[in-house]
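Coordinate inspection notes
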Amino acid sequence: MTTAAAVDNKPLPFLYHFVAGGIAGVSEILVMYPLDVVKTRFQLQVNLGNTGGEKYTSVMDCLRKIVKNEGVSRLYRGILPPIFVEAPKRAIKFSANEQYSTILKNFYGVNKMSQPLSIASGVCAGATEALAIVPFELVKIRLQDKESAGKYRGTLDALVKIIKNEGPMALYNGLESTIWRHAVWNGGYFGVIFNVRGLLPKPTSKQQTLLNNFIAGGIGGTVGTLLNTPFDVVKTRIQNDSGVVKKYNWALPAIKTVAMEEGPGALYKGFVPKVLRLGPGGGILLVVFDQVSTWMKKYLI
Ligand SMILES: *[C@@H]1O[C@H](CO)[C@@H](O)[C@H](O)[C@H]1NC(C)=O
């Protein structure tokens, strides 16, 4: 018989960590994906003069217009690339964070994580994660864009056409802004959950542990999103562009261009659907990960 404390103290081997992260990530995406489509639509909505076309005024308005004018299935168009990459991506997020924590603790000769160390390991983990996901993100953005809807029949068709028309390196458009986006989000997320966990009352039951994880994850996700949305906006713009001459290239100059042309508020396009997703989404991730890994420690290890 294994006691609760013994279960908590057992380390989780890498493979189990990987699988639990993947299961958590896919659960999150199945629930939250339509908000990702809404986010991309907002980020690609440029308000330079009166362009005529359809304008989305709120998350509900956007969901309603997509369903009414394009059909319900559009809310899930482009879900395959993130599903394919979700398991490795989430697993990298959590396992890389743990690996970097160990490396940094060894480097500084300490045996406990401090807040600066947890931020630094989060930043490194985020940059690592960005490398893996960029091509998947690019195909997803192309499928979510309304203007490109007639251009690609589906995931594979988009992938083939992008490689054929723009060259294989085009799949890595937006790499730099994606690294920024992830490093900044993880820095905020891991920095904050470390602190919030310390502030919350010490959990005495499983339910309380789950609740604490949910609160810390929700707050961490919101702070990460506050910090990284401008990088997300320019990443979406860069990856959407299939032209030969690019309007946006590097993240920081692109942020300046967007702010000057559309006003500083434009750097927060898609913020609301992003927060609606990432607050609860971060919570779902932590809770599912926790449940699955506790189950694994109890029955599989
Ligand atoms: C996104 O790409 C489509 C197709 O190339 C283009 O028509 C549209 O203007 C782009 N949107 C933005 C905001 O760059």
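No experiment lies behind these values; they were computed from the predicted model shown. (Residues numbered from 1 in each chain as written. Predicted model: local features only at pLDDT ≥ 70, side-chain atom pairs only at ≥ 80, totals over all residues.)

Secondary structure summary: the chain contains ten helices and zero strands in total. When the helices and strands of the chain are listed from N to C terminus, the series reads α-α-α-α-α-α-α-α-α-α. Computed over C-alpha atoms, the radius of gyration of the chain comes to 20 Å, within 12% of the 19 Å expected from 2.2 N^0.38 for 301 residues, which places it in the range of a compact globule. The dimensions of the chain, computed from C-alpha atoms along their principal axes, are 65 × 40 × 35 Å. (Helix = DSSP H or I, 4+ residues; strand = E, 2+ residues; numbered from the N terminus. Rg over C-alpha atoms; globule rule 2.2 N^0.38 Å.)

Turning next to the site of the ligand. Around the ligand sit Leu-44, Val-46, Asp-145, Glu-147, Ser-148, Arg-237, Asn-240, Asp-241 and Ser-242, and those are all the residues in its vicinity. In terms of residue class, the shell around the ligand is built from two nonpolar, three polar and four charged. (Near = placed C-beta within 6 Å. Nonpolar A, V, L, I, M, F, W, Y, C, P; charged D, E, K, R; others polar.)

According to UniProt, the feature "transmembrane region" (unreviewed entry) maps to residues 14-35 in the numbering used here. The span residues 14-35 shows a helical share of 100% and a strand share of 0%, and its end C-alpha atoms are spaced 31 Å apart. (UniProt positions renumbered as here; feature names shortened; annotations may be inferred.)

Interhelical geometry of helix 5 (residues 115-144) versus helix 7 (residues 175-199) gives an angle of 145° and a closest axis separation of 6 Å. The handedness of the crossing between helix 5 and helix 7 comes out as right-handed. Residue composition of the contact of helix 5 with helix 7, by class: 14 nonpolar, eleven polar and two charged. (Axes fitted to C-alpha atoms, helices over the stretch in contact; angles between N-to-C directions. Left-handed = near helix turned anticlockwise from the far one by under 90°.)

Take the environment of Glu-262 next. Along the polypeptide, Glu-262 turns up in helix 9 (residues 251-262). For Glu-262, a count of 16 C-beta atoms within 10 Å puts it in the partly exposed group. A sequence separation of 22 residues divides Glu-262 from Asn-240, and the C-alpha atoms of the two residues are 18 Å apart. Not counting residues up to four positions away in its chain, the partners in contact with Glu-262 are Val-46 and Asn-47. (Buried ≥ 20, exposed ≤ 12 C-beta atoms within 10 Å, placed from the backbone. Contact = placed C-beta atoms within 7 Å.)

The next point concerns the nonpolar core. Core analysis: the largest hydrophobic core is formed by 41 residues, its most contacted members being Val-139, Trp-180, Tyr-189, Val-234, Ala-251 and Ala-254. Listing elements by their share of this core, those giving two or more residues are helix 4 (80-108), helix 5, helix 6 (155-166), helix 7, helix 8 (206-240) and helix 9. Per-element accounting of this core gives the leading share, 13 residues, to helix 5. Beyond its immediate chain neighbours, meaning those up to four positions away, Ala-254 contacts Val-234, Arg-237, Ile-238, Tyr-248 and Asn-249. If you look at the next biggest cluster of nonpolar residues, it comprises ten residues, including Ile-29, Leu-35, Cys-62 and Ile-79. (Core = buried A, V, L, I, M, F, W, Y, C linked by C-beta atoms within 7 Å.)

Before going further, it helps to spend a moment on the packing of helix 5 against helix 8. Two elements in contact, helix 5 and helix 8, have axes whose closest approach is 9 Å; the angle formed by their N-to-C orientations is 75°. By the angle between their directions, the pair helix 5 and helix 8 is classed as roughly perpendicular. Each of Glu-137, Leu-138 and Ile-141 in helix 5 lies in contact with helix 8, whose residues at this interface are Thr-236, Gln-239 and Asn-240. A breakdown of the residues in the contact of helix 5 with helix 8 according to their chemical character gives two nonpolar, three polar and one charged. (Parallel < 35°, antiparallel > 145°, perpendicular 65-115°, else oblique.)

Next up on the list: helix 8. Along an α-helix, residues three or four apart share an orientation, since each turn contains 3.6 residues. With 35 residues, helix 8 extends only 44 Å from end C-alpha to end C-alpha; this falls clearly short of the ideal 51 Å at 1.5 Å per step. The sharpest bend along helix 8 comes to roughly 55°, located at Asn-228, with the proline Pro-230 sitting one to four residues further on. (Expected span 1.5 Å × (residues − 1). Bend = angle between axes of the 7 residues up to and from the residue.)

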